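In case you want the letters, here they are:
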Amino acid sequence: MAKQAAPSTRRVLAASLIGTSIEFYDFYVYTTAAALVFGELFFPQASKAMGQLASLATIGVAFVARPLGSLFFGHFGDRIGRKSTLVASLLTMGISTTLVALLPTYIQAGWIAALLLCVLRFGQGFGLGGEWGGAALLAVENAPEGKRARFGMFPQMGAPVGFIAANGLFLILGAWLTPAQFHDWGWRIPFALSALLVVVGLWIRLRLTETPEFAAALAEAPPPTVPFGELVSRHFGALAVGTVGAIACFALYYVATAFALNYGTKTLAYSAKDFLTVQLGAILFMAVGIYLSAWLSDRHFDERRVLMAGCVGTMAAGLLMAPMMLSGSLFQVFLFLSLSLTLMGFVYGPLGAWLPSLFPARVRYTGVSMAFNVAGVLGGGLTPMVATALSKNYGLMAVGLYSGGAALISLVALALFGKARTA
C-alpha cells in the first residue's frame, strides 16, 4: 500500500503545481504584453500616456471576472467535485489566452480589436477564478497531518514558475527579434504557446481522483444545493476575513511586477531586456519566500502568524521603494524587487493552507475561491493603473505607502479575526 501511495501524492502535487503554473503563465503573458506593447497596438488613438493607462486598465478586466469565475466554478467544485471543475477552469483560461494570439490590432479592426482584447481578458480572469481555489484544495485536502502548509505551497509555486516562463520567453524574444518584429508579430508567440501547455496540464489533471475530504463530506451529507447561499448565510464572517487577509499579496505583487516593469522601462528608461532580467532574478526570491513561509507555518508557527509577519515586512518595504528605485542603480532596483518578492512569498505562500482552514469542506471550494479572487479585485485589479497615477502626481513614495497601506489592512484582519475554524 505504501508503494502505491507515493505516486498518487506526486501526481496530486504535480497537478496542483503544473496547473497553476500554466494558469499564471497565461496571466503573466498578458500582463507583460500590456506593460510593453498593448498600449500602442490596441489604444493608439489616445496620447501615449493615456494609451498606456488604458492598456494597464485592461489588466483589471480579469479581476472583475475572477469573482464571477469563483462563483461559477466554486458551485460545481462543491457539488460535483474538484477534478472535473479544475479541468474546465484550465480549458477556459487556456482557450482565452491562445485566442489573443489571433487578435487583429487597432489599425486592422479599430475599436473592435480593443473590445475583443477585453473579452478574452475577461475569459482569462473567469478561468483563473476557478483555478487557484481548486488547486489549493487538491493539495491541502490530500495533505498528511503536519504538512498542510507545505502541500498548500505547491499551487503558490505556480506563480513564480509561470512568471519565469512568461517573462523568460519575452526576454528570449527580445534578444531574438528586432523591436519592430516583436511589435509587429513577436508578441503573439507566448500566447500561441499556451495551447501546448494546456494539453500537458489536461493530461495530468484527467488522471486525478477526488480528494478524501470532499469524498468524506459527500458521504456525510448531500452537497449544498446552492453553495454560495450556504456560504454567505453561515460563513460570511470567514469569507470577509479571508478576503481582507489576502489583499496585501495582490497589492504588493502588482506593484513589484506590472507597475515596476512599466515604470522602469517608460519612466526610468531602462531597456525592457535589462528590466525583465532583473525581474526574473528577483522572482526567484518569491519562490524562496513561499517555501520558507510554508516550512515555518508547519514547523514553528501557524499560517496566520507567518502572514502577519509578511504584512509587517511589506509595510517597511514600502518606505524603501522611492530611494531604491530612484537610486539610478539597476542593482539597487534588483535588491528592492528581491526584497519585495521575498515578502510576497510570506503574504502569499501560507494562503494555500490558511484560507481552506476557514471553511468546511462542503462549501470550501466556493469560500476559498471567492475570498482569494475578491481580494484580487480589491488589492490588485486597479493597482497597476492606480500606482501609475500616484507616481505621476505624487511620486514613488506614494506608491510605497499604497502597498504598505494594503498590508496594514490585511494585518488588522489577520490579527483580530484570522483564526482557523474550530468546528
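Worth saying up front: this structure is predicted, and the values here are computed from it rather than measured. (Residues numbered from 1 in each chain as written. Predicted model: local features only at pLDDT ≥ 70, side-chain atom pairs only at ≥ 80, totals over all residues. Heavy atoms only, no water.)

Quick notes on the overall build of the protein chain
Part 1 of the argument: Secondary structure summary: the protein chain contains 19 helices and zero strands in total.
Part 2 of the argument: The C-alpha atoms of the protein chain give 20 Å as radius of gyration, which agrees with the globular expectation for 423 residues (22 Å, within 12%).
Part 3 of the argument: Based on the C-alpha atoms only, the size of the protein chain along its principal axes is roughly 60 × 45 × 40 Å.
Part 4 of the argument: Among the 423 residues that make up the protein chain, the fraction classed as buried is 58%.
Part 5 of the argument: For the protein chain, the accessible surface area stands at approximately 16200 Å², while carbon and sulfur atoms represent 71% of it.
Part 6 of the argument: The averaged location of the 16 negative side-chain charges in the protein chain is 2 Å from the averaged location of its 26 positive side-chain charges. (Helix = DSSP H or I, 4+ residues; strand = E, 2+ residues; numbered from the N terminus. Rg over C-alpha atoms; globule rule 2.2 N^0.38 Å. Buried < 20%, exposed > 50% of the residue type's maximum accessible area, 1.4 Å probe, protein only. Areas by Shrake-Rupley, 256 points an atom, 1.4 Å probe, with all protein chains shown as cover. Lys, Arg positive; Asp, Glu negative; His and termini not counted. Charge placed at Lys NZ, Arg CZ, Asp CG, Glu CD.)

Focus: the pattern of salt bridges
Part 1 of the argument: In this structure the tally under the stated criterion is ten salt bridges.
Part 2 of the argument: The salt bridge partner of Arg364 is Glu213, with a shortest N-O separation of 2.6 Å. Here Glu213 lies in helix H9 (residues 212–220) and Arg364 lies in helix H17 (residues 364–381), a separation of 151 residues in the sequence.
Part 3 of the argument: Exposure remark for Glu213: the relative accessible area of 26% places this residue in the partly exposed category.
Part 4 of the argument: The salt bridge partner of Glu230 is Arg234, with a shortest N-O separation of 4.0 Å. With a gap of four residues between them, Glu230 and Arg234 both fall in helix H10 (residues 227–245), about one helical turn apart.
Part 5 of the argument: Looking at Arg234, the relative accessible area reads 63%, which means it is exposed.
Part 6 of the argument: Taken together, the salt bridges that share partners define one network made up of Asp78, Arg82, Glu141, Arg148, Glu213 and Arg364. (Salt bridge = Lys/Arg side-chain N within 4 Å of Asp/Glu carboxyl O.)

Considerations on unusual backbone geometry
Part 1 of the argument: Positioned with a positive phi, Ala269 is a non-glycine residue whose angle comes to about 65°.
Part 2 of the argument: Here Ala269 shows up in the loop between helix H11 (247–266) and helix H12 (272–299).
Part 3 of the argument: Since its relative accessible area comes to 62%, Ala269 is described here as exposed.

Things to note about a nonpolar patch on the surface
Part 1 of the argument: A contiguous nonpolar surface patch, about 410 Å² in accessible area, is contributed by Leu71, Val226, Phe228, Val232 and Phe236.
Part 2 of the argument: Of the residues forming the nonpolar patch, the biggest block, three residues, is contributed by H10.
Part 3 of the argument: Note on placement: Val226 falls in the loop between H9 and H10. (Patch = residues over 30% accessible without salt bridge, like charges linked within 9 Å, V, L, I, M, F, W, Y side chains within 5 Å.)

What to know about the confidence of the model for the protein chain
Detailed reading of the predicted coordinates is not advisable wherever pLDDT is low.
Part 1 of the argument: Within the protein chain, residue pLDDT values average 88, and 97% of them lie at 70 or more.
Part 2 of the argument: Mean pLDDT values for the elements of the protein chain range from 76 in helix H1 (residues 2–42) up to 96 in helix H15 (residues 330–348).
Part 3 of the argument: Scored below 50 in pLDDT, residues 1–7 makes zero contacts in the model with residues more than four places away or belonging to other chains. (pLDDT = per-residue confidence, 0-100. Contact = heavy atoms within 4.5 Å.)

A word on the nonpolar core
The nonpolar side chains of soluble globular proteins are, as a tendency, buried together.
Part 1 of the argument: Within the largest apolar cluster, 119 residues are counted, with the highest numbers of intra-cluster contacts made by Phe38, Tyr348 and Leu351.
Part 2 of the argument: Residue contributions to this core peak at 16 residues, all from H1.
Part 3 of the argument: In terms of nonpolar packing, the next biggest core, distinct from the first, is built from five residues, Ile22, Val87, Val198 and Leu202 among them. (Core = buried A, V, L, I, M, F, W, Y, C linked by side-chain atoms within 4.5 Å.)

Side note on the packing of helix H3 (residues 82–100) against helix H8 (residues 188–205)
Part 1 of the argument: Two numbers describe how H3 lies on H8: the axes approach to 7 Å, and their chain directions differ by 165°. Accordingly, the angle class assigned to the pair H3 and H8 is roughly antiparallel. Crossing geometry of H3 relative to H8 is assigned as left-handed. Contacts from Lys83, Leu86, Val87, Ser89, Leu90, Leu91, Gly94, Thr97, Thr98 and Val100 of H3 reach H8 at Arg188, Phe191, Ala192, Ser194, Ala195, Val198, Gly201, Leu202 and Arg205. (Axes fitted to C-alpha atoms, helices over the stretch in contact; angles between N-to-C directions. Parallel < 35°, antiparallel > 145°, perpendicular 65-115°, else oblique. Left-handed = near helix turned anticlockwise from the far one by under 90°.)

So, the layout of surface pockets
Part 1 of the argument: Its boundaries defined by the atoms lining it, the largest pocket holds a volume of some 370 Å³.
Part 2 of the argument: For the largest pocket, the lining is made up of 19 residues, of which Leu36, Gly174, Pro179, Phe182 and Ala272 are closest to its centre.
Part 3 of the argument: Broken down by secondary-structure element, the contributors of at least two residues to the lining of the largest pocket are H1, helix H6 (148–176), helix H7 (179–186), H11 and H12.
Part 4 of the argument: No other element matches H6, which puts four residues into the lining of the largest pocket.
Part 5 of the argument: Looking at the lining of the largest pocket residue by residue, the classes come out as eleven nonpolar, five polar and three charged.
Part 6 of the argument: Here the second largest pocket defines a volume of roughly 280 Å³.
Part 7 of the argument: Lining the second largest pocket we find 19 residues, and of these Lys48, Ala49, Gln52, Asn262 and Lys266 sit closest to its centre.
Part 8 of the argument: Partitioning the lining of the second largest pocket into residue classes produces seven nonpolar, eight polar and four charged. (1 Å grid on protein atoms, 1.4 Å probe; cavity = no way out; pocket = protein on both sides within 12 Å on 5 of 7 lines; lining within 4 Å. Points joined across faces, edges and corners; volume = space filled by probe spheres on them. Nonpolar A, V, L, I, M, F, W, Y, C, P; charged D, E, K, R; others polar.)

A look at the packing of aromatic side chains
Part 1 of the argument: Inspection of the entire model under this criterion finds 24 aromatic pairs.
Part 2 of the argument: Geometrically, the ring pair formed by Tyr30 and Phe38 is edge-to-face, given 5.3 Å between the ring centres and 70° between the ring planes.
Part 3 of the argument: Looking at Phe38, the relative accessible area reads 0%, which means it is buried.
Part 4 of the argument: Seen from their ring centres, Phe38 and Phe42 are 5.2 Å apart, and the 85° between their planes marks the pair as edge-to-face. One end of the pair, Phe38, and the other, Phe42, are both in helix H1, four residues apart, so they sit about a helical turn from each other.
Part 5 of the argument: Aromatic ring contacts, followed pair by pair, group Phe24, Tyr28, Phe163, Tyr253 and Tyr254 into a single cluster. (Phe/Tyr/Trp six-rings, centres within 6.5 Å; stacked < 30°, edge-to-face > 60°.)

As for empty space enclosed by the protein
Part 1 of the argument: Going through the model one piece at a time under the given rule, you end up with three cavities of 30 Å³ or more.
Part 2 of the argument: Roughly 100 Å³ of internal volume is contained in the largest cavity.
Part 3 of the argument: Sorting the residues of the lining of the largest cavity by element identifies H1, H11 and H15 as the ones contributing at least two each.
Part 4 of the argument: Top contributing element to the lining of the largest cavity by residue count: H11, with four residues.
Part 5 of the argument: Broken down by class, the residue content of the lining of the largest cavity amounts to ten nonpolar, no polar and one charged.

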